[in-house]
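Chain and residue survey
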Amino acid sequence: MKTRAVSLGPSGVQVDKNAAGVYYVQSTQPLGEYPVKLTERLELWADRAPDRTLFAKRLNRGDWQRLTFAEARESARNIGQALVNRGLSPDRPIAVLSGNDLDQAALHLGAMYAGVPVAPISTAYSTVSSDFAKLRYILDLVKPGLIFAANGRKFQKAIEATVPPGTEIVCVSDPLPGSTSFSDLVNTRAGSSLDDACERVNGDTIVKFLFTSGSTGMPKGVINTQRMWCSNQEQIATCFQFLKEEPPVILDWTPWNHTFGGNHDVGFTIYNGGTLYIDDGRPVTGMFEESVRNFREIPTTFHLNVPRGYECLVPFLRADRKLREVFFSRLKLMFYAGASLSQPVWDELDALSIETTGERVLMLTGLGSTETAPFALASRKEVERAGMVGVPAPGVELKLVPNEGKLEARVRGANITPGYWRQEKLTRETFDEEGYYKFGDALRFVDESDPGRGFIFDGRIAEDFKLSSGTWVSVGPLRLKFIQRAAPFAKDIVVAGHDREDIAVLIIPDADACCNLTAGEAEIRFRAVLEELAAESTGSSNRIARAIVLHETLSPDANEITDKGSINQRAVLNHRTFLVEDLYSAIPSARVITL
């Protein structure tokens, strides 16, 4: 079947292997020149295409309110002057509590002109958390000189509980007593002191602090510099060359406190003179309909999402040909990140695109993290299945170190963070003796005799464990296999078995898919999957002996689930030890499914 034409970069790599079995892999294509600071690209497009929409968001869930490149530059410079006037700095940065909107976009751009870091914080830490522990920790760490909360009343409780008295609060609507109006920043006239501040911005200037959850403990503050962001944007545009041929148009909901939305998507939009429509929908029941409404209006050229977003989209595409026609009309590429995409969803998107347009629209992914800005590896050619993460981007050096039968991935390059803010010990532990950032992920060659075909994600090193027999369990591949076999009824699994005789799992069901099943029917389906996998297993390392279907909601406060929806395996097991004990009890409860 014909594949829709899309310009991608070459995938050639050079591979060296030393006597210790360590691989060093890098692209044969050098990294091109990139600007010192991202505002250079904003200036470029504001001159070339001043009236083109940079950001758009629905106003009162109606018409699209737009911010053009020229308007973005003007408001950003004014805001930047207001920030310079306040004497803000890396030691007194800006903390953003609220979600994606045009005002936050302008604030971020203004901060870049002024050379002031921004710390965008997950809204869940202010609006979902019951104790504000993570928010309080982050604010204590960064010590902001200014807090931005678009709606003061919405964030009042969190602010009163965590923000030190005297800290300036800036609101757009429903202002808090004594707060500053955002319009005061916008109406400040840019002057020579802003130009001086902007002149001082260089590659080492901190753009933002992005907070990422570890497997345990509090979020880590990842330092993001101008060099990281700008080099990474050139890497993205080199790998996905179609971005340079036509300004991209995207519709995106992913939060800007995450590197996927805030760095990757916002970044390549500005860098390549594109347009980003801010989507108020979410891939959850009752909210995804807003995304579908937007898909009906906005034919995008590049669709990026987490796997759950594609899972939600498929039923709507299947049921509505007109929606399919708009969605696939201009689409050059689909891309997923954040977790594994199930093969059935991948296959159905293929089928729907072929049925609608006569062409297959490529689906690709890569490998990255907040510490890599985030782009590090990506496919540049058609791939056969989910989980194939491609080869290093130009300018990224990949090191693969043998580790308990796997190849542990480490990377080095201009796009890698210098470390964690005010966490020197953690920074030292995260880099090896050659200065490579340690992902914690494992990779394996698709075909070692043809390294240009790239690598396959081989699980998280930290998630793997040994059974009491000394047999290693590779959690990532096992999770993926179970989810694919149990589709669409299982959203994920948490794998237990450290120092036990057998593997057992907690099954996270997909509530929508299971809504018409009784508890007994769900158990029958999941038992059948366990039996099928057991029949194919080669031993205790890939045979699941017991399972519990977890119907309780995972807890963000307990770090069981991040606000982007990924599940923290270790945190779930630590928080639910009573279930683990039930799984391994000599006389398990009725909720345990056993083979």
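It should be noted that the structure appears before, not after, this text.
From N to C terminus, the protein chain includes 21 helices and 29 strands. By its C-alpha atoms, the protein chain is 70 × 55 × 50 Å across when sized along the principal axes. Each of the 595 residues in the protein chain was classed as buried or not, and the buried ones make up 58%. Taking the intrachain contacts of the protein chain between residues at least 6 apart in sequence as the baseline, contacts between residues at least 24 apart amount to 67%.

Before going further, it helps to examine unusual backbone geometry. Cis rather than trans, the peptide bond between Ala373 and Pro374 has omega equal to 5°. Tracing the chain through its elements places Pro374 in the loop between strand 17 (366–368) and strand 18 (375–378). The omega angle of the peptide bond from Ala487 to Pro488 is 5°, so this bond is cis rather than trans. Residue placement: Pro488 occurs in the loop between helix 17 (475–486) and strand 26 (490–496). Residues other than glycine seldom take positive phi values, yet Glu404 does so here, at roughly 50°. On the secondary structure map, Glu404 appears in the loop between strand 20 (397–403) and strand 21 (406–412). Look at Asp499: it is not a glycine, yet its phi comes out positive at around 60°. Mapping Asp499 onto the fold places it in the loop between strand 26 and strand 27 (503–509).

We now examine the sheet that holds strand 14 (residues 302–305). Ordered in space as 14-15-16, the three strands form an open sheet in which the pairing is parallel. In the strand order of this sheet, the two ends are held by strand 14 and strand 16 (363–364), each with one partner. Relative to strand 15 (residues 333–336), strand 14 is paired through four bridges, and the arrangement is parallel. The residue bridging Leu304 from the neighbouring strand is Phe335, located in strand 15. This element, helix 13 (residues 307–319), spans strand 14, strand 15 and strand 16 of the sheet and lies at about 115° to strand 14.

Tracing the backbone shows Phe335 in strand 15. Sequence separation of Phe335 and Pro120 is 215 residues, and the distance between their C-alpha atoms is 24 Å. In this structure, Phe335 is in contact with Phe240, Phe260, Phe302, His303, Leu304, Asn305, Tyr310, Met363, Leu364, Thr365 and Gly366, ignoring residues within four places of it in sequence.

Counting 118 residues, the largest nonpolar core has Phe55, Ile94, Phe240, Phe302 and Leu400 as its most contacted members. The element contributing the most residues to this core is helix 3 (residues 102–114), with nine residues. Excluding residues that lie within four positions of it along the chain, Phe55 makes contacts with Gln65, Arg66, Leu67, Leu102, Ala105, Leu109, Trp256, Val266 and Leu276.

As a further point, take helix 11 (residues 259–271). The first and last C-alpha atoms of helix 11 sit only 16 Å apart over 13 residues, clearly below the 18 Å expected at 1.5 Å per residue. For helix 11, a buried count of 13 out of 13 residues is recorded, marking the element as mostly surrounded by other parts of the structure. Where helix 11 ends, the next residue or the one after it, Gly273, has phi of about 70°, a positive value.

With that settled, consider the pattern of salt bridges. Taken as a whole and judged by the stated rule, the model has 43 salt bridges. In this structure, Arg500 engages Glu581 in a salt bridge whose closest nitrogen and oxygen atoms are separated by 3.0 Å. Placement of the pair is Arg500 in the loop between strand 26 and strand 27 and Glu581 in helix 21 (residues 577–583), with a sequence separation of 81 residues. Through salt bridges that share partners, Lys399, Glu408, Arg410, Asp432, Glu433 and Glu434 make up one connected network.

Time to look at the environment of Asp195. With respect to the helices and strands, the residue Asp195 is situated in helix 8 (residues 192–200). Overall, Asp195 belongs to the partly exposed group, its relative accessible area being 38%.

Turning to the packing of helix 1 (residues 39–48) against helix 3, a few remarks are in order. Their axes nearest at 10 Å, the elements helix 1 and helix 3 cross at an angle of 115°. Judged on the interaxial angle alone, helix 3 and helix 1 are roughly perpendicular. In this structure, helix 1 uses Thr39, Leu42 and Glu43 to contact helix 3, whose residues at the interface are Leu109, Met112 and Tyr113. Its residues assigned to classes, the contact of helix 1 with helix 3 comprises four nonpolar, one polar and one charged.

Criteria and thresholds
- Residues numbered from 1 in each chain as written.
- Predicted model: local features only at pLDDT ≥ 70, side-chain atom pairs only at ≥ 80, totals over all residues.
- Heavy atoms only, no water.
- Helix = DSSP H or I, 4+ residues; strand = E, 2+ residues; numbered from the N terminus.
- Buried < 20%, exposed > 50% of the residue type's maximum accessible area, 1.4 Å probe, protein only.
- Contact = heavy atoms within 4.5 Å.
- Pairing = 2+ DSSP bridges.
- Axes fitted to C-alpha atoms, helices over the stretch in contact; angles between N-to-C directions.
- Core = buried A, V, L, I, M, F, W, Y, C linked by side-chain atoms within 4.5 Å.
- Expected span 1.5 Å × (residues − 1).
- Salt bridge = Lys/Arg side-chain N within 4 Å of Asp/Glu carboxyl O.
- Parallel < 35°, antiparallel > 145°, perpendicular 65-115°, else oblique.
- Nonpolar A, V, L, I, M, F, W, Y, C, P; charged D, E, K, R; others polar.

By themselves, these are just geometric observations and shouldn't be taken as functional.
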